[in-house]
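If you want the building blocks of each chain, they are given just below.
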Amino acid sequence: EDQVTQSPEALRLQEGESSSLNCSYTVSGLRGLFWYRQDPGKGPEFLFTLYSAGEEKEKERLKATLTKKESFLHITAPKPEDSATYLCASISSGSARQLTFGSGTQLTVLP
Amino acid sequence: DGGITQSPKYLFRKEGQNVTLSCEQNLNHDAMYWYRQDPGQGLRLIYYSQIVNDFQKGDIAEGYSVSREKKESFPLTVTSAQKNPTAFYLCASTPRADNQPQHFGDGTRLSIL
């Protein structure tokens, strides 16, 4: 059974204070690792897909990286508008095309 | 703009009542999904459909039912058999059921009266 674990559960940063969110996965035959942003009362918004170890994707202040066991979402010089819950999810050859979600990291960026 | 529309945004259920949550997409996606989200937990898959007139149970299908009569629509019924229905329900779709990212609607919050 696929498992995805995110840490920390919650993270408070000062504006401009860079940090990283972790997503550890245990899957059989990873086919994709997804990052989403979710604002309160809204559906998840797609950010990145990573398909193989060593791959990196960037968008504004966010950069996602992937190794064989985990993915990181690096946030550089965050702003208050980056405050949200960040979710990662995996899809694998053993998951019958279903996503397995982590429980998320709630990020708060203080002005 | 293309997207996924869920309605209503808020829904209240009385004891013994069935309620239906609507999900409509105009993205021309083949696959559609229903998830349940509880505080502090990841999204859990209720049902999914890869093609019209076909659907499969997810991890927590008990107490729920779905239909897929049209490509654009995938309604979810929360039956009276679901004893703990209070949650945030999310609908998603992908072009096809493989390693493409899923796109989500803005959810329906269901509460018990």
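For the structure, check the block above.
Quick notes on the rules
- Residues numbered from 1 in each chain as written.
- Chains lettered and ligands numbered in written order.
- Predicted model: local features only at pLDDT ≥ 70, side-chain atom pairs only at ≥ 80, totals over all residues.
- Heavy atoms only, no water.
- Pairing = 2+ DSSP bridges.
- Helix = DSSP H or I, 4+ residues; strand = E, 2+ residues; numbered from the N terminus.
- Axes fitted to C-alpha atoms, helices over the stretch in contact; angles between N-to-C directions.
- Disulfide = S-S within 2.5 Å.
- Buried < 20%, exposed > 50% of the residue type's maximum accessible area, 1.4 Å probe, protein only.
- Contact = heavy atoms within 4.5 Å.
- Buried area = accessible area lost by both parts, 1.4 Å probe.
- Salt bridge = Lys/Arg side-chain N within 4 Å of Asp/Glu carboxyl O.
- Polar contact = N/O pair within 3.5 Å; in protein donor to acceptor, adjacent residues only side chain to side chain.
- Nonpolar A, V, L, I, M, F, W, Y, C, P; charged D, E, K, R; others polar.

An account of the sheet that holds strand 6 (residues 56-59) of chain A is needed here, citing residue identities and associated values.
The strands making up a sheet associate through backbone hydrogen bonding, with each pair oriented either parallel or antiparallel. All names here are of chain A. Taken in spatial order, the five strands of this open sheet run 1-3-8-7-6, and their pairing is antiparallel. Both edges of this open sheet fall to strand 1 (3-7) and strand 6, since each of them pairs with a single strand only. Strand after strand, the sheet turns through a mean of 15 degrees between neighbouring axes, direction not considered. As paired strands, strand 1 and strand 3 (residues 19-26) are joined by five bridges and run antiparallel to one another. Pairing of Thr-5 across the sheet is with Ser-24, part of strand 3.

Please set out the state of the cysteines residue by residue, giving values where relevant.
One pass over the full model with this rule turns up two disulfides over all chains. Covalently, A:Cys23 is tied to A:Cys88 through a disulfide, its sulfur atoms 2.0 Å apart. Here the S-S torsion is close to 80 degrees, and the disulfide linking A:Cys23 with A:Cys88 is therefore right-handed. A residue pair is termed long-range when its members are at least 10 positions apart, and A:Cys23 in strand 3 and A:Cys88 in strand 9 (residues 84-92) qualify at 65 residues. What makes A:Cys88 buried here is its relative accessible area of 0%. Disulfide pairing is shown between B:Cys23 and B:Cys91; the S-S distance is 1.9 Å.

An account of the interface of chain B and chain A is needed here, citing residue identities and associated values.
Listed per partner, the contact involves 23 residues of chain B and 20 residues of chain A. Of the roughly 1,800 Å² buried where chain B meets chain A, counting both sides, 52% is carbon and sulfur surface. Where chain B packs against chain A, one counts one salt bridge. Across the salt bridge formed by B:Asp106 and A:Lys42, the nearest N and O atoms sit 3.8 Å from each other. Taken together, the connections running from chain B to chain A amount to five residue pairs in polar contact (both at pLDDT 80 or more). Mapped by element, the contributors of at least two residues to the side of chain B that touches chain A are strand 4 (31-37), strand 5 (44-51) and strand 9 (87-94) of chain B. In terms of residue class, the side of chain B that touches chain A is built from 10 nonpolar, nine polar and four charged.

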